[in-house]
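# Chain and residue survey
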Amino acid sequence: MNSMIKSKVTMRLAIASCLFFAANSLAELPDGYWIQEQSQPILDATLRVTLDPDLSHLTGTEAKAVAELIAAGRIINSLYETQLHGQSAAAKQALLKLHESTNRSRATGNLLDLWHLSHGPIATTLDNARLAFVPVAAERPGRNFYPSDLTREEFDNYLQQNSDDADLLLDLRSIVRRASKENLLADIMRLGDFPAVDALHLGLRERLTALKADRDSLYAVPYALAFAPELREARLHLNAAADHVQLETPDFAAYLRNRARDLLSSNYESGDASWVSGDFGGLNVAFGSYETYDDKLRGIKASYGVSLLARDDEASRALESAITGLQAIEDSLPYEHHKTVRTKLPVGVYNIIADFGQSRGGNTATILPNDADHTRKYGRTILLRYNIMMHPDIFESRKKRFDAAVDACCRDHLTSEGGFNRTLWHEIGHYLGVSRTADGRDLGSALADYADLLEEMKSDLVSLYAAPALRAMDYHDDDALRAHYADGIRRTLQITRPRPEQPYQNMQLMQFNYYLERGLIAPDAASGLLRVDYDQYHDVVTELLQQVLQLQYAGDYDLAKQFVERWNYWEEGLHGKLAERMLATNATRYTLVRFKALQE
Ligand SMILES: [Zn+2]
């Protein structure tokens, strides 16, 4: 009996390894993994860019700090993938293993590229759908910020009935969990393992221990506790980087130490305060959880990212002195509740050494921090990511699409400098205009999932609104003004209908529709290609900006919703046709950015 079983087992093993061998040679993949025919079309539409900036100006100690910050960045990168999908870590391991066991087949290599492009196991298809390409659960709007089965409706009802807990549940840097026995126990245990987190979160232990286990109840834990093991590792590297630069750039060292402690406290004030105006020498790093774009359930939870940057000192100084007259631009904006703006904005021109987590991708510029109080007290820093903004291959791809949608009249108006200026003034746009509602709430909590859309739209419009003033103060000449404007039109062109949860693409589509209805752009009667009526530009932009500023100031969710529904539409005969034209150019749709500093 025993031996018979044994021989059967041996036979099964033999058959299994035989099948496995066959799978190897054909690179067939287990269920749930996309085959090459599924991944290839997306990768064929992907532009691959490797950033390799000149770092020869860094000092020896700065180079050592870079190595530590890269080590911290790698930790944050996997943390971010976990924020997006709870099965990321295991799925990545399985995929790497499969890649080895198929002798690094093309099919699995493609999936690793897709992983890289998508920050995890869910890819955006050419039809703009979000699908898993390895065997994991489907994507959820709440990603991994909330319990997997929590709906927006249940969450909103719960908040209404438990308004005392709302602040904690809605916190930018907290995870929402169901109050199951296992969850509570695990969190209380972890608090014991991380006494520093315990000490810095007064009342957390009492709150957790007082909670009754009940799956219908929700509770929040700070990121500092939820990700305590990963953040501890990251902090060690931040402090080591600070040690390296301590003597040379004490401001940078102080910032790194403060930010390391912020990760422990979940309160970013010390790091934000020492970041914005510090004198950092040849480096800078945006580090932590700030942006809320990934939370599609309610748009309030921040994702982790790191952007490690080398400063171009000469270009930064030149730009800083060129940006003047901001108060005059603020005072001219079409709304009444003007604020006092700092006369000097910290703006830097940077080359990206490496990005991690949420920061990774084709992002061209960043303004941080976002917190309205920190902004008021300390200002914000604008980080222009020069080697991606001005990358010739990225511009070429954009230009191809622009040329396919726009009449010959206007094609030459698009330049990479125009894109640089429009983007720079978009970031400055975040500095100007409404930062709180009339009754003092911050825009994120007042406008929820419309907050990002309106804030980005405002900034796009402020950039375009400011362009004539920039001409008047000779910041622009005529060509630069037109290039700034042309890039504003390019920005609104969509190659696919946005999904509801894409704030950038939707606000761009809304601008497009507004410009079209108001005659700023019009399809040529014969060719259907767009012509731009530059004479109308300022009036149309002013009108739309006025509406956006009013909506932000009112902070009324329903009004925002009505506005979005009014302008967010897609007609196959118009938008679809233009999209078809742009797609026919075969210009790339996605950008997969790699970094020489990471040996990629
Ligand atoms: Zn923006």
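Please refer to the structure higher up on the page.
Attention in this report is confined to the structure presented alongside it. What you are looking at is a predicted structure, and each value in this text was computed from that prediction instead of being measured.

### A short note on the packing of aromatic side chains
- Under the definition given, this model contains 21 aromatic pairs.
- Geometrically, the ring pair formed by Trp 275 and Tyr 290 is tilted, given 6.2 Å between the ring centres and 35 degrees between the ring planes. Here Trp 275 is found in helix α14 (residues 269–276), whereas its partner Tyr 290 is found in the loop between β6 (283–289) and β7 (304–311), with 15 residues between them in sequence.
- For Tyr 290, a relative accessible area of 7% gives the class buried.
- Seen from their ring centres, Tyr 293 and Tyr 504 are 5.3 Å apart, and the 50 degrees between their planes marks the pair as tilted. Residue Tyr 293 is located in the loop between β6 and β7, and its partner Tyr 504 is located in helix α24 (residues 503–517); the two are separated by 211 residues in the primary sequence.
- When its relative accessible area of 17% is taken as the criterion, Tyr 293 is described as buried.
- Taken together, the ring pairs in this structure connect Phe 252, Tyr 255, Tyr 268, Trp 275, Phe 280 and Tyr 290 into an aromatic cluster.
- It is Arg 173 that lies over the ring of Tyr 290; its NZ or CZ is 5.5 Å from the centre.

### Digging into helix α19 (residues 392–405)
- With 14 residues, α19 should reach 20 Å at 1.5 Å per residue; the first-to-last C-alpha distance of 20 Å fits that figure.
- Taken as a whole, α19 has its buried residues at Ile 394, Ser 397, Lys 399, Arg 401, Phe 402, Ala 404 and Ala 405.
- Among the structural elements, β1 (46–51), α18 (386–389), α23 (478–490), β12 (530–532), α27 (572–584) and β13 (590–595) are those in contact with the buried residues of α19.

### Regarding the side chain of Asn 421
- Examined against the element boundaries, Asn 421 turns out to sit in helix α20 (residues 416–431).
- Residue class for Asn 421 comes out buried when judged on its relative accessible area of 13%.
- Apart from the residues within four sequence positions on either side, Asn 421 is in contact with Ser 463, Tyr 475, His 476 and His 484.

### As for the packing of helix α22 (residues 451–472) against α23
- At a minimum axis distance of 10 Å, the contact between α22 and α23 shows a crossing angle of 175 degrees. By the angle between their directions, the pair α22 and α23 is classed as roughly antiparallel. Contacts from Ser 463, Leu 464, Ala 467, Pro 468, Leu 470 and Arg 471 of α22 reach α23 at Asp 478, Leu 481, His 484, Tyr 485 and Gly 488.

### Describing the coordination of the zinc ion
- On the protein side, the zinc ion has His 426 (NE2), His 430 (NE2) and Glu 456 (OE) as donor atoms, found 2.1 Å from it.
- Mapping the donors of the zinc ion onto the primary sequence yields the spacing H-x3-H-x25-E. Residue His 426 and its partner His 430 are located together in helix α20, separated by four residues, close to a single helical turn. In this pair, the class of His 426 matches that of His 430, namely buried.

### What about the side chain of His 119?
- On the secondary structure map, His 119 appears in the loop between α5 (106–118) and β2 (122–124).
- Reaching out from His 119, the side chain makes a polar contact with the backbone oxygen of Arg 360 at a distance of 3.3 Å.
- Dropping the residues within four chain positions of it, His 119 is found in contact with Tyr 80, Glu 81, Leu 84, Gly 357 and Arg 360.

### Notes on the nonpolar core
- With 79 residues, the main nonpolar core has Phe 155, Phe 252, Leu 256, Val 285, Phe 287 and Tyr 304 as its most contacted residues.
- Setting aside residues up to four positions removed in sequence, Leu 256 forms contacts with Leu 69, Leu 238, Ala 241, Ala 242, Val 245 and Val 285.
- Counting residues in each nonpolar core, the second largest holds 76 residues, with Ile 428, Leu 461, Ala 467 and Trp 567 among its members.

### Comments concerning the packing of α24 against α27
- Relative to each other, α24 and α27 sit at 115 degrees, their axes nearing to 13 Å. The two elements α24 and α27 cross, and the hand of that crossing is right-handed. Between α24 and α27, the residues in contact are Leu 509, Phe 512, Asn 513 and Leu 516 and Leu 574, His 575 and Leu 578, respectively.
- Partitioned by chemical class, the residues of the contact of α24 with α27 number five nonpolar, two polar and no charged.

### What about the pairing of strand β8 (residues 347–357)?
- Most of β8 sits out of view: ten of its eleven residues are buried.
- Where β7 and β8 come together, seven bridges link them in antiparallel fashion. Counted as the bridge partner of Val 306 is Phe 356 from β8.
- The pairing of β8 with strand β10 (residues 381–385) spans four bridges and is parallel. Following the sheet pairing, Gly 348 is matched in β10 by Leu 383.

### Quick look at unusual backbone geometry
- Cis peptide bonds are those with omega within 30 degrees of zero, and the linkage from Leu 368 to Pro 369 qualifies with -5 degrees.
- Among the secondary structure elements, Pro 369 is positioned in the loop between β9 (365–368) and α17 (372–378).
- Backbone geometry places Ser 266, a non-glycine residue, at a positive phi of 65 degrees.
- By the secondary structure assignment, Ser 266 is in the loop between α13 (250–265) and α14.
- Given a relative accessible area of 15%, Ser 266 falls into the buried group.
- Backbone geometry at Asn 586 places phi at a positive 60 degrees, although glycine is not the residue there.
- Here Asn 586 is to be found in the loop between α27 and β13.

### Points about the sheet that holds β10
- Here five strands make up an open sheet; going across it, the order is β6-β7-β8-β10-β9 and the pairing mixed. The strands lining the two open edges of the sheet, one partner per strand, are β6 and β9. Neighbour to neighbour, the strand axes of the sheet diverge by 35 degrees on average, direction disregarded.
- Both β9 and β10 contribute to a ladder of four bridges, which runs antiparallel. Within β10, the residue paired with Ile 367 across the bridge is Ile 382.
- Each of β6, β7 and β8 touches helix α3 (residues 60–84); the most contacted strand, β7, lies at about 155 degrees to it.

Rules of the game
- By convention here, each chain's residues receive numbers from 1 onward along its written sequence.
- This being a predicted model, a pLDDT of at least 70 is required before a residue's local features are given, and a value of 80 or more before pairs of side-chain atoms are given or counted; all residues contribute to the totals for chains, interfaces and linings.
- The basis for the side-chain values is all heavy atoms of the structure; hydrogens and waters are excluded.
- For Phe, Tyr and Trp, where Trp contributes only its six-membered ring, two rings pair if their centres lie within 6.5 Å, and the inter-plane angle classes them as stacked under 30 degrees, edge-to-face over 60, or tilted in between.
- For the purposes of this entry, the term helix denotes a DSSP run of H or I that reaches at least four residues, the term strand denotes a run of E that reaches at least two, and both are numbered from the N terminus.
- Only protein chains enter the area calculation, which uses a 1.4 Å probe; residues under 20% of their type maximum are buried, those over 50% are exposed, and those in between are partly exposed.
- Here, over-ring charges are defined by two tests on the NZ atom of lysine or the CZ atom of arginine: distance to the ring centre within 6 Å, and angle to the ring normal within 35 degrees.
- In this scheme, a helix's expected span is set at 1.5 Å multiplied by one less than its residue total.
- What makes two residues a contact is simply this: any of their non-hydrogen atoms within 4.5 Å.
- Between N-to-C directions, angles span 0 to 180 degrees; the directions come from axes that are lines fitted to C-alpha atoms, helices contributing only their stretch in contact.
- An angle counts as roughly parallel when it lies under 35 degrees, as roughly antiparallel when it exceeds 145, as roughly perpendicular when it falls between 65 and 115, and as oblique in every other case.
- Metal coordination here is assigned from N, O and S atoms located within 2.8 Å of the ion, or within 3.2 Å for Na, K and Ca; omission of water means that sites may look incomplete.
- We call two N or O atoms a polar contact when they sit within 3.5 Å, provided that within protein one can donate a hydrogen and the other can accept it, with sequence-adjacent residues counted only if both atoms are side-chain atoms.
- The nonpolar core is taken to be a set of buried Ala, Val, Leu, Ile, Met, Phe, Trp, Tyr and Cys residues, with the residues joined through side-chain atoms within 4.5 Å.
- Left-handed describes a crossing whose near helix is turned anticlockwise from the far helix through less than a right angle; right-handed describes the clockwise counterpart.
- Asp, Glu, Lys and Arg are counted as charged, while Ala, Val, Leu, Ile, Met, Phe, Trp, Tyr, Cys and Pro are counted as nonpolar; the rest, among them Gly, fall into the polar class.
- At least two DSSP bridges between two strands are needed for those strands to be called paired.

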